[in-house]
There are 2 protein chains.
Amino acid sequence: MEPRISLITLGVTDLDRARRFYEALGWRGQEVEETVFFQAGGLGLVLWGREKLARDSGREAGGAGGFGGIVLAHNVRSRDEVDALLAQAEQAGGRVTKPAAASPHGFYSGAFADPDGHPWEVAHNPGFPLAEDGTLTLPDFDTL
Amino acid sequence: MEPRISLITLGVTDLDRARRFYEALGWRGQEVEETVFFQAGGLGLVLWGREKLARDSGREAGGAGGFGGIVLAHNVRSRDEVDALLAQAEQAGGRVTKPAAASPHGFYSGAFADPDGHPWEVAHNPGFPLAEDGTLTLPDFDTL
């Protein structure tokens, strides 16, 4: 298995609401057969009905809105950008679940939940460099 | 918000077990402070304790193992690779939750759950081209 991810699909209970939220943050989606696709760097972020998504993976959908055990992170280039994005997410209908704060490891982060409760961390972490195109390269921790 | 994702963190209940699983699939991790980092194309896949992950996002961890509402997909270049990867995931301690099957949309896919229940779809989808480096570019659906 090559170490890469092709798609991340978020199960949603209201596709239009979810699409509006991500579009309010500046993403641009294409809708096909009740599925919304966003190009996100070298992969796709997809919005799809939660029940259909669960069934398609051979799983029971269970209750929506709780902590699902996966957190997406969006790293930015400054602390100001962290603050601005959290404010924008709230404005767009998200919920700030952790206000931005500095951590002892030198990074600054906060978190929001999208309208379906999917968690996003927003972070400025000087130790994890972002390339011009936004791709992230992990440091070699042995040399830090 | 630029349309990109920097990190995907999977909450796990047994870090060593989770790391062994992904390493058995061929990924190579670095462990730092009870956190395992894998470079996955232009982003990082991270394994971290589920409770810590929830708390760090300002959330309640809830129960582990259920459907969390997010599915990761790993697209490959042939149907044979789908079959091989599902077999490898099972061998490594994962659970095949949907055996591979062809869909009317021309793709062929199955799904497995990692030891913590995180769902992965494995798909061959000729309509979503993979570049040499494994990055995926969504089609312009209007022109299909």
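Nothing here was measured: the structure is a model prediction, and the numbers come from that model.

A look at the interface of chain A and chain B
Part 1 of the argument: The partner chain B presents 74 residues to the 74 residues of chain A that form the contact.
Part 2 of the argument: Together chain A and chain B conceal approximately 6,200 Å² of surface at their shared face, both sides included; 57% is due to carbon and sulfur atoms.
Part 3 of the argument: Across the contact surface, chain A and chain B share four salt bridges.
Part 4 of the argument: By residue number, the principal contributor to the side of chain A that touches chain B is strand β5 (residues 70-75) of chain A, which donates six residues.

A closer look at the confidence of the model for chain A
Part 1 of the argument: Put simply, chain A has an average pLDDT of 95, and 99% of its residues get 70 or more.
Part 2 of the argument: Both scores are given for the predicted complex: the pTM is 0.95, the ipTM 0.95.

A closer look at the environment of A:H124
Part 1 of the argument: Tracing the chain through its elements places A:H124 in strand β8 (residues 119-124).
Part 2 of the argument: A polar contact of 3.3 Å, which involves the side chain of A:H124, links it to the backbone oxygen of A:R77.

Re the nonpolar core
Part 1 of the argument: Within the largest apolar cluster, 56 residues are counted, with the highest numbers of intra-cluster contacts made by A:I8, A:L45, B:I8 and B:L45.
Part 2 of the argument: The contact partners of B:L45, leaving out residues within four places of it in the chain, are A:I5, B:I8, B:L10, B:Y22, B:W27, B:V36, B:F37, B:F38, B:A40, B:L72 and B:W120.
Part 3 of the argument: Listed in part, the nine residues of the second largest apolar core include A:F37, A:V46, B:F128 and B:L130.

Let's talk about the packing of aromatic side chains
Part 1 of the argument: Applying the stated criterion across every chain, the model contains 22 aromatic pairs over all chains.
Part 2 of the argument: Note on A:F112 and A:W120: the rings are 6.3 Å apart at their centroids and 15 degrees apart in plane angle, and the pair reads as stacked. Of the two residues, A:F112 and A:W120, both sit in the buried class.
Part 3 of the argument: With 6.2 Å between their ring centres and 55 degrees between their planes, B:Y22 and B:W120 make a pair best called tilted. A residue pair is termed long-range when its members are at least 10 positions apart, and B:Y22 in helix α1 (residues 15-24) and B:W120 in strand β8 (residues 119-124) qualify at 98 residues.

Considerations on the side chain of A:D116
Part 1 of the argument: Along the polypeptide, A:D116 turns up in the loop between β7 (108-113) and β8.
Part 2 of the argument: The contacts of A:D116, once residues within four sequence positions are left out, are A:G11, A:V12, A:T13, A:D14, A:R17, A:A18 and A:G65.

The rules behind the values
- Residues numbered from 1 in each chain as written.
- Chains lettered and ligands numbered in written order.
- Predicted model: local features only at pLDDT ≥ 70, side-chain atom pairs only at ≥ 80, totals over all residues.
- Heavy atoms only, no water.
- Contact = heavy atoms within 4.5 Å.
- Buried area = accessible area lost by both parts, 1.4 Å probe.
- Salt bridge = Lys/Arg side-chain N within 4 Å of Asp/Glu carboxyl O.
- Helix = DSSP H or I, 4+ residues; strand = E, 2+ residues; numbered from the N terminus.
- pLDDT = per-residue confidence, 0-100.
- Polar contact = N/O pair within 3.5 Å; in protein donor to acceptor, adjacent residues only side chain to side chain.
- Core = buried A, V, L, I, M, F, W, Y, C linked by side-chain atoms within 4.5 Å.
- Buried < 20%, exposed > 50% of the residue type's maximum accessible area, 1.4 Å probe, protein only.
- Phe/Tyr/Trp six-rings, centres within 6.5 Å; stacked < 30°, edge-to-face > 60°.

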